[in-house]
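# Structural features, examined
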Amino acid sequence: MNKIYLVFLLLLPFGIYAQNQEDYIKRLKAIQNNGVTYYNVDGIDFTSQTFTNSFTEKDLKFVFRKYGISNEDLKTKDTKLSYNNLHVLKSKKITDSLNEMLSYYFIEDKQKMVTAICFAYFEKPEVQFEQKLISLIIEDAIPMHVFENKRIDSVDFAGRKIHLSNGCYWTNVNTVQCPGNGEMNWSVHKTEKTAKQAVRNQLTLTKIKKGLKILSEQQVDVIFESNPAKALKVVYGFTGLTNLAVKTSGGKTLTAFYIAIKVRENYVSCVMSFWNNDQINESGLPPLLEKVMQLHK
C-alpha cells in the first residue's frame, strides 16, 4: 500500500486457478477514473488502461512514453501469458531498506489494441499473481461488485458497509477523504504478514517526506472494528510555508494512526489521519475515524 495524503499471471491448472481467482476477488477493490482503472488487493496497487494504438513498434513507442519507458529499458515477452505482450521491470531505491518495484505489461488485447497494466510493489514482484490478474483484466472477468461508485454515500470497508456524510470522495482506490472530518486508506490482505508490512512501508514513505517532522510517536490502545488492538499514533508537524498539504488544509499538525489487524475473515492494513483544525468530537477523533475506531479509555 504506497499511498498517503500527506502531500498526499502463469496460468495454473483450472481447479487451482479458479480457487485462487475467487480468493483474490474477495479482497480486490477497484475504481475507474478518466479511462484508468485503479486496483488494490493484499497491499498491492496496480492500474490498467487501454489505448486505441495497435501492437506495433511505432504505436508502442507512444504508449511507452506515457509510462516513462525509454529505449534503454529492457523489454521481454512473458511466454506464460496467452497474449502477445512486452514486459518491463524497473526498480527505484527509496531507502537503504526499501525499493519500489514497477512491473509493466503491454498487452495486445482481443480488440487488437494495447492494454497497459502496471503493478507497484515494495517487495519482490509476484509473477504468478500478476499473470492471474492480467488474465482477469484482459478477459473482462472481474465482477462488477469489485468496482466502487465514484459518488460516495457508503463504502465497503473489509466486508462491512460504512455510511458516509456528504462531501467525502475517493482520492485513490480504498482511500477516502472527508474534508474537515478525516481521511483513511486501507487494504484487505490474506495474511497478517503482508498487512503489517504494508503499514510499515507506508510509515517509512511518510517519514521521508520533505518538510515533515515527527512531533510524537507512541503505541495506543484502541478498539478497531469491535476488536481490541494496538495502533501506532504519530503526530506530524511541517517545516516551511510551501507545503501543499498545509496550505490546502490550513492545519498545523497532522495526527495519523497506523494499524494492521484481523477483521472478520481477512486482515486489514489501515492508516487514518486528521488535521488539528478538523472537527474533533468528544471521542478525540473526527467523524470518519469514529466509524471504524474508538480510543481506549
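It should be emphasised that the depicted structure is a prediction, and the values quoted were computed from it without experimental measurement. (Residues numbered from 1 in each chain as written. Predicted model: local features only at pLDDT ≥ 70, side-chain atom pairs only at ≥ 80, totals over all residues. Heavy atoms only, no water.)

## Concerning the sheet that holds strand S16 (residues 293–295)
Read from one edge to the other, the open sheet built from 8 strands follows the order S9-S10-S11-S15-S14-S13-S12-S16, with strand pairing classed as antiparallel. Of all strands in the sheet, those bounded by a partner on one side alone are strand S9 (169–172) and S16. Sheet twist, expressed as the mean angle between neighbouring strand axes with direction ignored, is 30°. (Pairing = 2+ DSSP bridges. Helix = DSSP H or I, 4+ residues; strand = E, 2+ residues; numbered from the N terminus. Axes fitted to C-alpha atoms, helices over the stretch in contact; angles between N-to-C directions.)

## Looking at the pairing of strand S14 (residues 253–263)
Burial analysis of S14 places 8 of its 11 residues in the buried class, which makes it a mostly covered element. In terms of strand pairing, strand S13 (residues 227–238) meets S14 through 6 bridges, oriented antiparallel. If you follow Lys233 over to S14, its bridge partner there is Phe257. When S14 meets strand S15 (residues 266–275), the two strands line up antiparallel, connected through 10 bridges. Residue pairing in the sheet places Ala260 in a bridge with Ser269 of S15. Hairpin connection of S14 to S15: 2 residues between the antiparallel strands, including Arg264 at a positive phi of 55°. (Buried < 20%, exposed > 50% of the residue type's maximum accessible area, 1.4 Å probe, protein only.)

## Things to note about the sheet that holds strand S6 (residues 114–121)
Taken in spatial order, the 6 strands line up as S1-S2-S3-S6-S5-S4 in an open sheet, and their pairing is antiparallel. Every other strand in the sheet has two partners, leaving strand S1 (29–33) and strand S4 (85–95) as the edge strands with one partner each. Neighbour-to-neighbour, the strand axes of the sheet open up by a mean angle of 15°, direction not taken into account. Both S1 and strand S2 (residues 36–41) contribute to a ladder of 5 bridges, which runs antiparallel. What sits directly across from Lys29, in S2, is Asn40. The sheet strands contacting helix H3 (residues 127–138) are S2, strand S3 (44–51), S4, strand S5 (98–108) and S6, and the helix crosses S6 at an angle near 145°. (Contact = heavy atoms within 4.5 Å.)

## Details of unusual backbone geometry
Excluding glycine, a negative phi dihedral is what most residues carry, and trans is how most peptide bonds are arranged. Phi is positive for Asn34, close to 55°, though the residue is something other than glycine. Mapped onto the elements of the fold, Asn34 is located in the loop between S1 and S2. We classify Asn34 as exposed; its relative accessible area is 69%. Even without a glycine there, the phi angle at Asp42 is positive, about 55°. Among the secondary structure elements, Asp42 is positioned in the loop between S2 and S3. Looking at Asp42, the relative accessible area reads 15%, which means it is buried.

## Focus: the confidence of the model for the chain
In the predicted model, the chain carries a mean pLDDT of 85, and the fraction of residues at 70 or more is 89%. Across the chain, the element-wise mean pLDDT spans from 54 in helix H1 (residues 14–27) up to 95 in S14. This model gives residues 1–21 a pLDDT under 50, and the stretch forms 70 contacts once residues within four places in sequence are excluded. (pLDDT = per-residue confidence, 0-100.)

## With respect to the packing of aromatic side chains
Inspection of the entire model under this criterion finds 15 aromatic pairs. Between Phe157 and Phe224, the aromatic rings sit 6.0 Å apart at their centres with planes inclined by 65°, giving edge-to-face as the arrangement. Of this pair, Phe157 sits in strand S7 (residues 154–157) while Phe224 sits in strand S12 (residues 212–224), and the two are 67 residues apart along the sequence. With respect to class, Phe157 is no different from Phe224; both count as buried. Joined through ring pairs, the aromatic side chains of Tyr39, Phe46, Tyr105, Phe119, Tyr121 and Phe129 make up one cluster. Note that Lys75 overlies the ring of Phe64, its terminal NZ or CZ placed 5.3 Å from the centroid. (Phe/Tyr/Trp six-rings, centres within 6.5 Å; stacked < 30°, edge-to-face > 60°. Lys NZ or Arg CZ within 6 Å of the ring centre and 35° of its normal.)

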